[in-house]
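Residues per chain, in single letters:
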Amino acid sequence: MAYETLLTEQEGAVLTITLNRPDKLNAATDELLTELIDAFKQAGRDEGVRAIILTGAGRGFCAGQDLASVQARVPDERGSLGYGDHLRHTYNQLIKRMRTIEKPIVVAVNGVAAGAGMSLVMASDLRLAAESASFLQAFVKIGLVPDSGSTWFLPRLIGQARAMEMMLTGRRISAEQAEAWGLINRVVPDDQLMAEAHALAQEMAALPTKSIGYIKRGVNFATTTSLEEALDFEADMQELAGRTEDHKEGVAAFLEKRPPEYKGR
Ligand code: LHQ
């Protein structure tokens, strides 16, 4: 599929996906969402991709739903703009795909992340942000509620008090604040963001990809379940990880006192 609203570039085993509507701070249209879902689907299938960087073109990361396309919607006879179905068919699919793709997603937040744009950040696995980046739960400012996983991710990441403050006020926080609150892993100088993201993604791409996939599965499961069930699930994942070539290579390399060479199998 040729993309109109995304740029993709592969360097070694690292795929970079860039949201590319810079004039609108990469606000998400239906086209962008469809393309992004497709890009993650292809990346999931491609054995040559072992880590993904998600970033935005220009001065914004993603300003959430494109509000111009929202305004063009015509209510039906019950006054519905079809938001429920829209979410179920687009954002919800995208967020689930990001959480279930068995490869690490490094997000490089290059500017403002608002509304569902902030959900994209939270659905990623490792989060770097430029000093000039910022974050806001913009929804309440336009009479909506946090969606695309924001109500699920945000209290888990920064705690309920801070999450409620962000959601109820819609106030913008800086990258520095986001780091202090544990929303992101690290703030880096603007001009070093992409180099740092590439270094981290390359490190990830050289690791046993299957392990990373099982770790994601385990964390997804553990966050929603009891310790007892999580212990059981960990044992299931370890059973699978123990069967991989990369695991055998890791043990052999350790015992032979040499660096391992992981193949993602
Ligand atoms: C935009 C947008 C935008 C279009 C900036 N759309 N053009 C799901 C399903 C169903 C329904 C609705 O929602 C959802 C999920 C959601 O994500 S709801 C939340 C939607 N997002 C927002 O409410 C954020 C709206 N944007 C803003 O508040 C500001 O633009 C932020 C704080 C992000 C950035 O402010 P500034 O740095 O001052 O930039 P700006 O406002 O000047 O924007 C630059 C341009 O981008 C401007 O266009 P223009 O042609 O005038 O230069 C904006 O109109 C455009 N833009 N966000 N979401």
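Coordinates for the structure precede this section.
The rules behind the values
- Residues numbered from 1 in each chain as written.
- Predicted model: local features only at pLDDT ≥ 70, side-chain atom pairs only at ≥ 80, totals over all residues.
- Heavy atoms only, no water.
- Near = heavy atom within 4 Å.
- Polar contact = N/O pair within 3.5 Å; in protein donor to acceptor, adjacent residues only side chain to side chain.
- Helix = DSSP H or I, 4+ residues; strand = E, 2+ residues; numbered from the N terminus.
- Phe/Tyr/Trp six-rings, centres within 6.5 Å; stacked < 30°, edge-to-face > 60°.
- Buried < 20%, exposed > 50% of the residue type's maximum accessible area, 1.4 Å probe, protein only.
- Lys NZ or Arg CZ within 6 Å of the ring centre and 35° of its normal.

## Some words on the site of the ligand
Line of reasoning, step 1. Around the ligand, the surrounding shell holds 24 residues, and the nearest of these are Lys 24, Ala 63, Gln 65, Leu 67 and Ala 116.
Line of reasoning, step 2. At 2.8 Å, a backbone N or O of Leu 67 approaches a nitrogen atom of the ligand.
Line of reasoning, step 3. A distance of 3.4 Å is found between an oxygen atom of the ligand and a side-chain nitrogen or oxygen belonging to Arg 172.
Line of reasoning, step 4. Contributing elements (two or more residues each) for the shell around the ligand: helix H3 (83-89) and strand E6 (112-114).

## Let's talk about the packing of aromatic side chains
Line of reasoning, step 1. Tallying each qualifying case throughout the model produces two aromatic pairs.
Line of reasoning, step 2. Taken together, a centroid distance of 5.4 Å and an interplanar angle of 85° make the contact between Trp 152 and Phe 153 edge-to-face.
Line of reasoning, step 3. Taking relative accessible area as the criterion, Trp 152 reaches 33% and is therefore assigned partly exposed.
Line of reasoning, step 4. For Phe 153, a relative accessible area of 8% gives the class buried.
Line of reasoning, step 5. Aromatic pair Phe 221 and Phe 233: ring centres 4.0 Å apart, planes at 10°, arrangement stacked. With Phe 221 in helix H10 (residues 209-222) and Phe 233 in helix H11 (residues 227-241), this pair connects stretches of sequence that are 12 residues apart.
Line of reasoning, step 6. Look at Phe 221 and you get partly exposed, because its relative accessible area is 26%.
Line of reasoning, step 7. Seen from the ring of Trp 152, Arg 156 lies directly overhead, with NZ or CZ sitting 3.9 Å from the centre.

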